[in-house]
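# A closer look at the structure
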Amino acid sequence: MAIELIDNQQGPVRFVTVTGDLNAHTSSDFEKHLIGVIESGETRIVVDGTNLNYISSAGLRVILAACKMLGLKKGKLSFCCLQDPVRDVFEIAGFGGVISIFSDREKAEAFSRK
C-alpha cells in the first residue's frame, strides 16, 4: 500500500499531510518527499498525522534524519494530530524529547512560527 503526501504552505510553515501506513515499503517515498522539502529551503515543517495509521522503525529513522538536516539549518520539525497508536509508538521510542507533538494544527503552526 502506498502513502499519500500532500503539501500545504501556511505563511512560513510547510505542512506535510501523510495518509496511510509509514513502514519499510513506504518510508523511502516519505524520505524523498521530506528531504526534497528541506532541500527546497523549508525550515519550518509540520507533519500532520491525522490520517497516518501506522509508523514503523523505518519511518522513525526517516524522521530522525530529517531532524538532523533541519538542525543544521536551525529549522524545526514537529507533528500534529497523531492517532493514539502512532503517538504511542513515538512515546515508546522516546521521540517525545526529540520532536514536538501537538494535538492540533494551530498549536503546531504557532510553535513553528517562533
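These lines cover the structure that appears in this document, whether it is placed above or below. The shown structure was predicted, so the numbers you read here are calculated from the model rather than taken from an experiment. (Residues numbered from 1 in each chain as written. Predicted model: local features only at pLDDT ≥ 70, side-chain atom pairs only at ≥ 80, totals over all residues. Heavy atoms only, no water.)

Further remarks concern the pairing of strand E1 (residues 4-10). Regular strands have side chains that alternate between both faces of the sheet. Bridging between E1 and strand E2 (residues 13-22) involves 7 bridges; their strand directions are antiparallel. Its bridge partner being in E2, Gln-9 is matched across the sheet by Arg-14. Linking E1 back to E2 in an antiparallel pair, the connection comprises 2 residues, with Gly-11 at a positive phi of about 65 degrees. (Pairing = 2+ DSSP bridges. Helix = DSSP H or I, 4+ residues; strand = E, 2+ residues; numbered from the N terminus.)

This paragraph deals with the sheet that holds strand E5 (residues 100-102). Sheet architecture is open: 5 strands sit in the order E1-E2-E3-E4-E5, paired in mixed fashion. Only two strands of the sheet have a single neighbouring strand rather than two, namely E1 and E5. Adjacent strand axes in the sheet meet at a mean angle of 25 degrees, parallel and antiparallel pairs treated alike. Of the pairings in the sheet, the one linking strand E4 (residues 76-80) to E5 comprises 3 bridges and is parallel in character. (Axes fitted to C-alpha atoms, helices over the stretch in contact; angles between N-to-C directions.)

What follows deals with the nonpolar core. With 24 residues, the main nonpolar core has Phe-30, Ile-45, Ile-55, Ile-63, Leu-77, Phe-79 and Phe-90 as its most contacted residues. Those elements that provide at least two residues to this core are E2, helix H1 (27-39), strand E3 (44-55), helix H2 (57-72), E4 and helix H3 (84-92). For this core, the leading source of residues is H2, giving 5 residues. Core analysis: the next-biggest nonpolar cluster, separate from the first, contains 6 residues, Phe-15, Val-46, Cys-80 and Ala-108 among them. (Core = buried A, V, L, I, M, F, W, Y, C linked by side-chain atoms within 4.5 Å. Buried < 20%, exposed > 50% of the residue type's maximum accessible area, 1.4 Å probe, protein only.)

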